[in-house]
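Geometric and topological summary
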Amino acid sequence: MRLHLLPCNCWVLLICLVIWAVGTASSPPPDEQVSDFFGRHASGSGHTNNWAVLVCASRYWFNYRHMANALGMYRTVKRLGIPDSNIILMLADDVACNARNKFPGSVYAKAGRHLDLYGENIEVDYRGYEVTVENFIRLLTGRVHPSVPRSKRLLTDDRSNVFVYMTGHGGNEFLKFQDNEEISAFDIADAFEQMWQKKRYNEILFMIDTCQANTMYSQFYSPNILATGSSEIGENSYSHENDDAIGVSVIDSYTHFVLEFMEGINKTSQVSMQDLVFIFSMRRDASPHTDPDAIRSHAGVRSDLFRRPLDKTLITDFFRRHLQMITNVPEEESETPPHVSDSRLDDHSTLQHHRPVDVRRNATSVLLSGNESEAWDTRWKGFRQWTSVLLVASLVGWVSFAR
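So, here is what we can say about the structure in this document.

The rules behind the values
- Residues numbered from 1 in each chain as written.
- Predicted model: local features only at pLDDT ≥ 70, side-chain atom pairs only at ≥ 80, totals over all residues.
- Heavy atoms only, no water.
- Helix = DSSP H or I, 4+ residues; strand = E, 2+ residues; numbered from the N terminus.
- Buried < 20%, exposed > 50% of the residue type's maximum accessible area, 1.4 Å probe, protein only.
- Contact = heavy atoms within 4.5 Å.
- Polar contact = N/O pair within 3.5 Å; in protein donor to acceptor, adjacent residues only side chain to side chain.
- Axes fitted to C-alpha atoms, helices over the stretch in contact; angles between N-to-C directions.
- Parallel < 35°, antiparallel > 145°, perpendicular 65-115°, else oblique.
- Left-handed = near helix turned anticlockwise from the far one by under 90°.
- 1 Å grid on protein atoms, 1.4 Å probe; cavity = no way out; pocket = protein on both sides within 12 Å on 5 of 7 lines; lining within 4 Å.
- Points joined across faces, edges and corners; volume = space filled by probe spheres on them.
- Nonpolar A, V, L, I, M, F, W, Y, C, P; charged D, E, K, R; others polar.
- Pairing = 2+ DSSP bridges.
- Right-handed = clockwise from strand over helix to strand, strands pointing away.
- Core = buried A, V, L, I, M, F, W, Y, C linked by side-chain atoms within 4.5 Å.

Secondary-structure assignment places Ser106 in the loop between strand E2 (87-91) and strand E3 (126-127). Ser106 gets classed as buried once you look at its relative accessible area, which sits at 10%. The spatial distance from the C-alpha of Ser106 to the C-alpha of Asp116 is 5.7 Å, given a sequence separation of 10 residues. Excluding residues within four positions of it along the chain, Ser106 makes contact with Tyr64, Ala96, Asn101, Asp116 and Tyr118. At a separation of 3.3 Å, a polar atom in the side chain of Ser106 contacts the side chain of Asp116.

You can see Arg200 is positioned in the loop between helix H5 (185-197) and strand E8 (203-209). For Arg200, a relative accessible area of 8% corresponds to the buried category. Reaching out from Arg200, the side chain makes a polar contact with the backbone oxygen of Leu139 at a distance of 3.3 Å. Dropping the residues within four chain positions of it, Arg200 is found in contact with Leu139, Leu140, Thr141, Gly142, Leu154, Thr156, Asp157, Val162 and Met195.

Close contact between helix H3 (residues 64-79) and helix H6 (residues 253-262) brings their axes to 10 Å; oriented N to C, the two are set at 15°. Considering their axes alone, H3 and H6 lie roughly parallel with respect to each other. In this structure, H3 crosses over H6, and the sense of that crossing is left-handed. Mapping the contact onto sequence places Asn69, Gly72, Met73, Thr76 and Arg79 in H3 and Thr255, Val258, Leu259 and Met262 in H6.

Before going further, it helps to spend a moment on empty space enclosed by the protein. Once rolled over the atoms, a probe with the size of a water molecule shows which space is left empty. Applying the stated criterion to the full structure yields 3 cavities of 30 Å³ or more. In this model, the largest cavity occupies a volume close to 50 Å³. Within the residue set of the lining of the largest cavity, elements represented by two or more residues are strand E9 (225-229) and helix H7 (273-285). Counting residues per element, the lining of the largest cavity draws most heavily on H7, which supplies 4 residues. Counted by class, the lining of the largest cavity contains 7 nonpolar, 1 polar and no charged residues.

Here E2 lies mainly inside the structure; 5 of its 5 residues are buried. Every second residue of E2 is oriented toward a common face, with Ile87, Leu89 and Leu91 on one face and Ile88 and Met90 on the other, all of them buried. Judged from the 4 bridges that link them, strand E1 (residues 49-56) and E2 form a sheet pairing that is parallel. Bridge pairing links Val55 to Met90 in E2. Taken together, E1, H3 and E2 constitute a β-α-β crossover, and its handedness is right-handed. In the sheet, E2 pairs with E3 via 2 bridges, with the strands oriented parallel. Of the residues in E3, the one forming a bridge with Met90 is Tyr126.

Core analysis: the largest hydrophobic core is formed by 54 residues, its most contacted members being Leu54, Tyr64, Phe163 and Phe319. In terms of residues, this core owes the most to one element, H3, which gives 8 residues. With residues near it in sequence (within four places) discarded, Leu54 still touches Ala70, Met73, Tyr74, Val77, Ile87, Ile88, Leu89, Met90, Phe163 and Tyr165. Of all hydrophobic cores here, the second largest spans 38 residues; its members include Tyr126, Val162, Ala185 and Ala189.

What follows is the structure, given as structure tokens:
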């Protein structure tokens, strides 16, 4: 073959084709490029958006500290980047403007009143008597009336990490709602299972501050849930400090130390959940008689349902704002799924406890088949690229000899 007779432009064309083929073959698949562009977490959460559901289940002036608990958590999640559009706040909202409040329009969580948690930028989604067990369960499961506005809906999907915080008065496997009704550990467990079956979350961080709080997550059985509470069975959850001018306790100990820990975190922090658990262990082992920073109860953590190790799970996996990729919006699903009767919620009865469907085997088979298909597509794509290069090279050679 008389390669020296090939024109210069033919050589340039061949070199460009070879470079293109090698570069395309070595580039990552399109889905990986998209994930990298939108900032995939190094911790491996695999989510694209964060939501927060903050519930103060108490009302009345003497429960001031429960309002401050929820508002303090509200301020923290907003500071770390979750917008109001992704925060659902359920609050009796009868403290800031209470006649006994010496500081009208303000709520404080520390003695000395240096930081007003109420302010002008608070958005309460469920206020007063809207804070009910029924509304809470409907919010989680998505079974809301069509007339419910968008701001009162939890518009999550299977790529959403959801932070659920609850505070109030409770006991062994129950939490009171405004001294009028109760929600049980079974109710929350079944609501989370419905969320999992309907692909309404990727991971859930459940946090609760109440007496015997750790019993409230004892009945969970759905995957990818990390739960923590302020006190064990038989234990009370105590307030942290009083303010003499306000006249009541202003915050609970457990929530106080969580918020104090979160104050040292920003949107780019690499602090893990294991670090938060370490703080709990230090505070609960301290003596309340000698250490004013003691929680005075045994805060607990349940991680057996959670698929990632705590030291690899960042705090910001549940609090930082994420870019959301625009996808096709699915049609609105019916208010009540066919397998659950709507009257069960109207009567405030306990949802029937059911066992989860084992979806891991099906998921594994789907993943295996998907990986095999992707590998075959990659090989076939490389084969076509190099075949194109050979055909063009043959054509260029034929033209040069013909000349």
